[in-house]
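# A look at the structure
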Amino acid sequence: MKKANSANPTTDQLEIERLRALEKATREELNQLKQSNLQAQQYLDIAGVAMVALDTNQKVVMINQEGCRMLGYPEEEILGTNWFENFLITEDIPAVKNLYHRLMTQQSPIVEYYENPIRTKTGTRLVEWHNSILLDLQKKPIGILSSGLDISERAMAQKALEQANKAEQHISSKYSATFDLAPIGIARVSPEGKFLESNPYWGIITGYSKEEILDLTFQDLTHPDDLEQDLEFVRQLLAGEIQSYTMEKRYFHKKGYIVWVKLIVSLQRKENRDPDFFISIITDITEKKRIEGELAYSEERLRTLLASSQDAIVTIDKDSQVVFWNDGATNIFGYTASEIIGKPLTKIIPKNFRGGHIKGVATVISTGKSRLAGVPLDLVGLRKDQTQVPVELSLSRWELRGQVYFSGIMRDISARKEAEAETKRLTHAIDQLHEIVFITDLKGEIIYSNSAFSKTPEILPKELFAQGAILSACNNYEDPIHQNICEALLQIGTWQGELPLHCHNGDYKYFEVTISLQESDNLESSTLVFVALEITMRRLEQARQIQSQKMESLGTLAGGVAHEINNPIGYVSSNLHSLTGYLKAFGELEDMRSELEEGVRLGENGALQALTKIDKKKKMINYDYIQRDIKLLLADMLDGVDRIKDIVNNLRDFSHVDTHKLEKMDVNLSLQKAVKVAWHSLKFKCAIKEEFSLVPLVECFPQEINQVFLNLIINAMHAIEEKGTITLKTSQIADKIQIQVIDDGVGIKATNIPRLFEPFFTTKPVGKGTGLGLSVSYKIIKDHHGTVEVTSEYGRGCSFTIVLPLKQHLKNPDQGKR
Amino acid sequence: MNDRKETRFKILFIDDEPHILRALEREFYNQTAYNFTYVSDDRKAYNLVQKEEFAIVISDYLMPYYKGTEILAKVYEHSPRTRRILLTGFAEVASQHISQPEQLIHQYIEKPWDKQKLLQCLDEEIILYQSWPK
C-alpha cells in the first residue's frame, strides 16, 4: 500500500502552490486510493495467491477466496480466529507469536518474505509468504497483510532441482571429472526430446555410448507403457506448471532388455524464458525393482502360507499370551482364533508340561538364549476337547519394538507317530521271524535285512546278480533255477521254490524261498523282497516221516508176517528133528550091514539070521515110511526155507531206505510186490483182482511209489471187514499212468473225504493206524507231480485213483538228493 | 480099526498148511500112545468136531475159512471136556484168548514148536482130560 506524500510548507506563493498541490495530491491520493482499491480488489480476486490480513491480536480480519480454498474452510469459519493458533504447526507457534508481537510493537523490522508450513483441513502445506505491515495514520502498526503461495510441490521438486542444477553446473564445466565419473546418468535433452549430450554412466545404464545416443530421442528409449506419463510431465514442465519432475520408468537397454530407472528432469530456460534444454538424471533401480517385486511376492506368499498352512502357526508374547493363531492351529487344537487370542498358551499345553513351558519362556527372556530354538521338537499338545495330540514344534524368537515374541510352527504328527510305531512294530515282528527277510535292489545291493539274515548272509544268491541287474540278465543264466527265477519275476513278479545252499563242510542246507518284485515307477528303483525259510530239518523230517510211516504200515502187517514166517520155521525145525531121527535109524541099519556081511561070510545061516534082524529093525524104525517120507520131508523143508527167504526179501525190499534215484519202474510189478508183502494179512480176507494194462515204465522213486501202493492196499484191506475184493487197475492216459485201487469195503463218509490226506487223521481204532498213511502217500505223489483222487460211497467201498506222469521234469535238480 | 486103537486117546490137529501137519505127523510117526488125526481143511475140521469127540483138539489160528478160535468154540459147544489148544505163529492173538474168562482155549503153543514141550503138553492135557468129570 502506498504511503501519502508529505508537503513542504514555504511561502504564500508556495501556499497556493501548496493548496494546488494539496488538491492535486488529494486528487492523486484519491486516484491512488481508487487505484489501490482496485488493485486490492484485483489482488483479492486473483486465483492462486492466498491473501490474509491479521489484526494486532493475531485475528484474521480478511481472507480471499484462494486463502479459503487453500485452508479448506469457508471464509466465515476463518474470520475472527487466531491465525497462528489455528493454522500454524504447533512447534512454530511460540516463535512466530513472539516475532509477531515484536513486529507489532515495532521492535523488529518486517520480514518481507519467508516460507512456513501451515495446517489445512487436508494436511500440512508449505507456503511462501510475502508480508507488509498495515500502519495507521500515526504510523502505528495495526496489522499485517500477507500473500501466500502454496509451494509444497515446488519444495519437493527443489531437491531434485538442486541436483539438476548441480548437474547443470557439471555440464557447463565439461571437463569436470565429477560429470564424467558421477555414478548417476546425466543427459541433456532438447525440448523435442533429442539427446544432446550424456555422461559415461548414462552409457553404462542404457548401453548407448555418447555418440550413439545423439541420434536418439528419449521417446525411442522409453517403454511404451511409461511414455504417456513422461510426455505429460514434459508438457507440464514446458508450460511452467512444474519446475521439475521425478518418475520411475523403464528404458530399453541397447541390448533390448528393460532397465528400470529413477528419472529426475528439470528444464533450463533461455534469457527470454524460452525452453532451452532438459537436464535428465537417471539412476538404475532395476535391482531395487526386482527386490521390491520379490518382496511383494514373498510377502504375498507368506500371507497365503500362513492362512492355508496345515501346520499350526502361533505367536505368543513374553507373557505367553497368544497374539497370532492361524487356521491350521484351529484345525489341530480346536480353538478358533477369536477364542484363544489374548489367552495364555498354556491352554494347549498338557498340565504336566505347563511348568516347563513357563520356566522356558522366562529363561529365554532373561538370558536371550533358548535351547529349543532351531531344533524341531516332538511334544504333546492339548486339544480343546482335552485329548492330546503329538506335535512337532519348530520355535523361533523375535523382537519388535523392544517386545519379545515367540513363534511356533506345530505339525500334527499323530499319523507320523502312528506310522513310526507301526514301522517299529513291523520291524520288531520281522526281526522275531525264523524266516530270513531281506530286500535288495535289482543289482543285489541289500537295502534291508532282518536279524535272521545276519546268521546266514550267504543266502543272498549272488549268482542271480552276477550278470548285472537281474531282470536285464534273463536268458544269460546257465543255471536253470536262476533262469527260472528271472523269467518268473518278469512274467508274474514272484517266484517260489527251494534253493540249496552249499555249506563249507560239504553239506547242503535247504531253503524255501519266495522272491517278489516290488515295482516302482522306474525299473531302476524297483526292489526284490526275499523271504527264506530253512527247511533242511523239515526235509530230513519229511524223509524220516515217510520212512517211519513205511515201517508203521509194515508193522500193521507184522502179525501176518510173523505167522507166515513162523509156520515154515515151525515145520522146517520140526522136520529137522525128524530127519535127525531118520538118520539115526539109518545109522542103526548101516551098523547092521556089517553084521550082514559077517553073516554072509559065516554061511547061509548067518546071512539069514542077519537079514531077519535087519528086517526086524526096518519094521521097527518104520523104514518104508521113512524112505517114502524122506523126499517129501526134504521138499517140504526146501519149500519152507524158500518161503522164508521170499518173505524176508519182500520185507527188506520195502523197508529199505530209498536210494533216491529216479528209476524206470513197472507199476504192475510194483502193485504185485505190494500185494505180496501184505499177502499174509490179505490172503484169507481179500480176493485180489488184477486188471492190468500193458503200460510203459514210469520214471519215479520206486520205493516211495511201492510204499504208496502198499498203503492203499492196506487201507483197502482194513476197509473190508469180513471178506471182500480189492481190484487193482492200471492204464495209460496220454503221457500219464493211472493206477486205481478199488475195494468193496465200508467206504468213507462224505464228511471225512476232505480230511483224508490230513496227517494223523484216522477212523481206525487206536493201535490200528496212526493216520499218516494217506498223508504221506499224498505227499509222495505230489512230489512226483502226480495227483491222488478218492471217490467213495459210504457202505459201498471206495476207489483211489493215482495219476503219475511218465517222466519227471524236475525244476530243482537237487530234488533227487533228498 | 481094532478095539485096541479105539481105547487110545484121540488127538486132532487142524492146520491149513499141510507142511505143518506132515511135520507133526513125523514127530509122532512112531508114537503109539495116542490116536492122531490130521486135518488141513478147516471146513472139514469144523464139521468133524461136531460129530466126534476128541481128547485134545490142537488148531492153527489163521485159516482160509475159520479162525482157530471159531473151531475151538465149536469144540467147546459139543464136548466141553475136550482140551483145546491153539498152535499158532501169532502169539498175541492166542494170549488174548487165553486170558478170557470162558477159557475158550486152555493152552497155546507157539510155532515153531519144541517137540519135547509139545509131547509134555499133550501128556498133561490128557491127564486133565481124564480128570474131567464125564
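So, here is what we can say about the structure in this document.

Conventions we followed
Residues numbered from 1 in each chain as written. Chains lettered and ligands numbered in written order. Predicted model: local features only at pLDDT ≥ 70, side-chain atom pairs only at ≥ 80, totals over all residues. Pairing = 2+ DSSP bridges. Helix = DSSP H or I, 4+ residues; strand = E, 2+ residues; numbered from the N terminus. Axes fitted to C-alpha atoms, helices over the stretch in contact; angles between N-to-C directions. Buried ≥ 20, exposed ≤ 12 C-beta atoms within 10 Å, placed from the backbone. Contact = placed C-beta atoms within 7 Å. Nonpolar A, V, L, I, M, F, W, Y, C, P; charged D, E, K, R; others polar. Core = buried A, V, L, I, M, F, W, Y, C linked by C-beta atoms within 7 Å. Parallel < 35°, antiparallel > 145°, perpendicular 65-115°, else oblique. Left-handed = near helix turned anticlockwise from the far one by under 90°.

### Concerning the sheet that holds strand β13 (residues 377–382) of chain A
All names here are of chain A.
- Read from one edge of the open sheet, five strands run β12-β11-β15-β14-β13, paired in antiparallel fashion. Each edge of the sheet is formed by a strand with only one pairing partner; in this case those strands are β12 (322–325) and β13. Across the sheet, the axes of successive neighbouring strands diverge by a mean angle of 35 degrees, strand direction being ignored.
- Sheet analysis places strand β14 (residues 388–400) next to strand β15 (residues 403–412), joined by ten bridges and oriented antiparallel. The partner of glutamate 399 across the bridge, within β15, is valine 404.

### A word on unusual backbone geometry
- For the bond running from lysine 111 of chain B to proline 112 of chain B, omega is -10 degrees, close enough to zero to count as cis.
- Within the secondary structure, proline 112 of chain B sits in the loop between β5 (107–110) and α6 (115–131).
- For glutamine 58 of chain A, which is not glycine, the phi dihedral falls at a positive 70 degrees.
- On the neighbour-count criterion, glutamine 58 of chain A (19 C-beta atoms within 10 Å) is partly exposed.
- Positive phi, normally seen in glycine, also occurs at alanine 734 of chain A, with a value near 55 degrees.

### Some details on the pairing of strand β10 (residues 275–284) of chain A
Residue and element names in this part refer to chain A.
- Relative to β10, strand β6 (residues 185–189) runs antiparallel, the two being bridged by five bridges. Among the inter-strand pairings, isoleucine 186 is bridged to a residue of β10, identified as isoleucine 281.
- As paired strands, strand β9 (residues 258–269) and β10 are joined by nine bridges and run antiparallel to one another. Opposite lysine 262, over in β10, you have threonine 283 as the bridge partner.
- The turn joining β9 and β10, which pair antiparallel and follow one another in sequence, is formed by five residues; a positive phi near 70 degrees is taken by arginine 273.

### Looking at the interface of chain A and chain B
- Taken together, the 23 residues of chain A in the interface contact 21 residues of chain B.
- Breaking the side of chain A that touches chain B down by element, the ones donating at least two residues are α21 (558–602) and α23 (623–655) of chain A.
- Grouping the constituent residues of the side of chain A that touches chain B by class yields eight nonpolar, twelve polar and three charged.

### Remarks on the nonpolar core
- If you look at the biggest cluster of nonpolar residues, it comprises 45 residues, and the most contacted ones within it are Ala678, Phe709, Leu710, Ile713, Ala716, Met717 and Val741 of chain A.
- Put simply, the parts of the chain that give this core at least two residues each are α21, α24 (667–682), β23 (698–700), α25 (702–719), β24 (724–733), β25 (736–743), α26 (773–783) and β27 (798–805) of chain A.
- Apart from the residues lying within four places of it in its own chain, the contact partners of phenylalanine 709 of chain A are Ser670, Leu671 and Ala674 of chain A.
- In this structure, Tyr571 of chain A together with Ala45, Ile58 and Tyr61 of chain B belong to the second largest nonpolar core, which totals 37 residues.

### Some thoughts on the packing of α24 of chain A against α25 of chain A
Residues and elements named next belong to chain A.
- One can describe the packing of α24 onto α25 by two numbers: an axis separation of 9 Å at closest approach and a directional angle of 40 degrees. Our classification of the angle between α24 and α25 gives oblique. Handedness of the crossing formed by α24 with α25: right-handed. Where α24 approaches α25, its residues Ser670, Leu671, Lys673, Ala674, Val675, Val677, Ala678, Ser681 and Leu682 are matched on the opposing element by Pro702, Ile705, Asn706, Phe709, Leu710, Ile713, Ile714 and Met717.
- For the contact of α24 with α25, a count of residues per class yields 13 nonpolar, three polar and one charged.

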